[in-house]
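Understanding the architecture of this molecule
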Amino acid sequence: MGQPIVFSGHIIGLLKEYMRDLVDQATQEHHAQEQFGFTSVPYRPDHAFSDLLALLDDRIESEGLQVGLPECFLHDMWSLCNEALEPISKRIWLEANLNGMTMTKARTRELTYQALIDFIESRSSERS
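Residues numbered from 1 in each chain as written. Predicted model: local features only at pLDDT ≥ 70, side-chain atom pairs only at ≥ 80, totals over all residues. Heavy atoms only, no water.

Attention shifts here to the overall build of the chain. Within the chain, the secondary structure is distributed over four helices and zero strands. For 128 residues, the compact-globule estimate of 2.2 N^0.38 gives 14 Å, and the chain sits close to it at 15 Å. With respect to the principal axes defined by its C-alpha atoms, the chain has extents near 45 × 35 × 20 Å. Going through the 128 residues of the chain one by one, you find that 36% of them count as buried. Contacts in the chain between residues at least 24 apart in sequence constitute 84% of all its contacts with a sequence separation of at least 6. Just so you have it, the chain exposes about 7900 Å², and 54% of that area is on carbon and sulfur atoms. Taking the average location of the 11 positive side-chain charges in the chain and that of its 20 negative ones, the two points are 5 Å from each other. (Helix = DSSP H or I, 4+ residues; strand = E, 2+ residues; numbered from the N terminus. Rg over C-alpha atoms; globule rule 2.2 N^0.38 Å. Buried < 20%, exposed > 50% of the residue type's maximum accessible area, 1.4 Å probe, protein only. Contact = heavy atoms within 4.5 Å. Areas by Shrake-Rupley, 256 points an atom, 1.4 Å probe, with all protein chains shown as cover. Lys, Arg positive; Asp, Glu negative; His and termini not counted. Charge placed at Lys NZ, Arg CZ, Asp CG, Glu CD.)

Moving on to helix H3 (residues 73–99). Helix geometry: H3 is bent most strongly at Leu-85, by close to 50°, with proline Pro-87 lying one to four residues after it. Those residues of H3 that sit buried are Phe-73, Asp-76, Met-77, Leu-80, Cys-81, Ala-84, Ile-88, Ile-92 and Ala-96. Gly-100 lies just past H3 and shows a positive phi near 60°. (Bend = angle between axes of the 7 residues up to and from the residue.)

A separate point is the packing of aromatic side chains. The full count for this structure, using the stated rule, is one aromatic pair. Plain terms: the ring middles of Phe-7 and Phe-73 are 5.3 Å apart, the flat faces sit at 65° to each other, and that makes the pair edge-to-face. Taken as a pair, Phe-7 in the segment before helix H1 (9–35) and Phe-73 in helix H3 lie far apart in primary sequence, 66 residues in all. Residue classification places Phe-73 among the buried residues on the basis of a relative accessible area of 1%. (Phe/Tyr/Trp six-rings, centres within 6.5 Å; stacked < 30°, edge-to-face > 60°.)

This next bit is on the side chain of Thr-108. Tracing the sequence through the fold places Thr-108 in helix H4 (residues 105–127). The residues touching Thr-108, leaving out its near neighbours within four places in the chain, are Tyr-43, Arg-44, Pro-45 and Met-103.

It is worth spelling out H1 at this point. Its 27 residues place the ends of H1 39 Å apart at the C-alpha level, agreeing with the 39 Å of an ideal helix rising 1.5 Å per residue. Along H1, the residues classified as buried are Ile-11, Ile-12, Leu-14, Leu-15, Tyr-18, Met-19, Leu-22, Val-23, Ala-26 and His-30. Immediately beyond the C-terminal end of H1, within one or two residues, lies Gly-37, with a positive phi of roughly 80°. (Expected span 1.5 Å × (residues − 1).)

With respect to the helices and strands, the residue Leu-69 is situated in the loop between helix H2 (45–67) and H3. Sequence-wise, Leu-69 and Leu-14 are 55 residues apart; in three dimensions their C-alpha atoms are separated by 8.9 Å.

What follows is the structure, encoded as structure tokens:
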């Protein structure tokens with residue numbers, strides 16, 4: 001196994017901003033669905049990862065160089081998400097079930113992205 005992927009504070013800050021955008025979007029969708037009486041479909045951490053990777057692909061194409069994202073960033077994130085999926089899915093499942101939470105799309109994204117940031121930061125501190 002190679003060196004773990006580590007991101008700079010700038011990159012982590014951008015990730016947090018993009019993740020917050022996705023959580024806000026899901027919150028707005030949830031309110032709109034409730035308003036019209038629609039029921040939410042189940043949403044899992046792997047869906048949250050897919051949505052994040054799709055957003056990153058779009059943002060890299062539109063603003064990547066301007067905000068300082070490296071060329072290999074999407075590939076690195078894809079690898080990182082693949083590595084983190086199982087432990088994060090277990091963590092989200094446990095948190096939701098132990099606390100009796102209702103898991104909306106926004107809440108799933110929020111917990112998944114926080115767990116991913118924790119995962120990334122723990123790897124950075126291991127290398128220090």
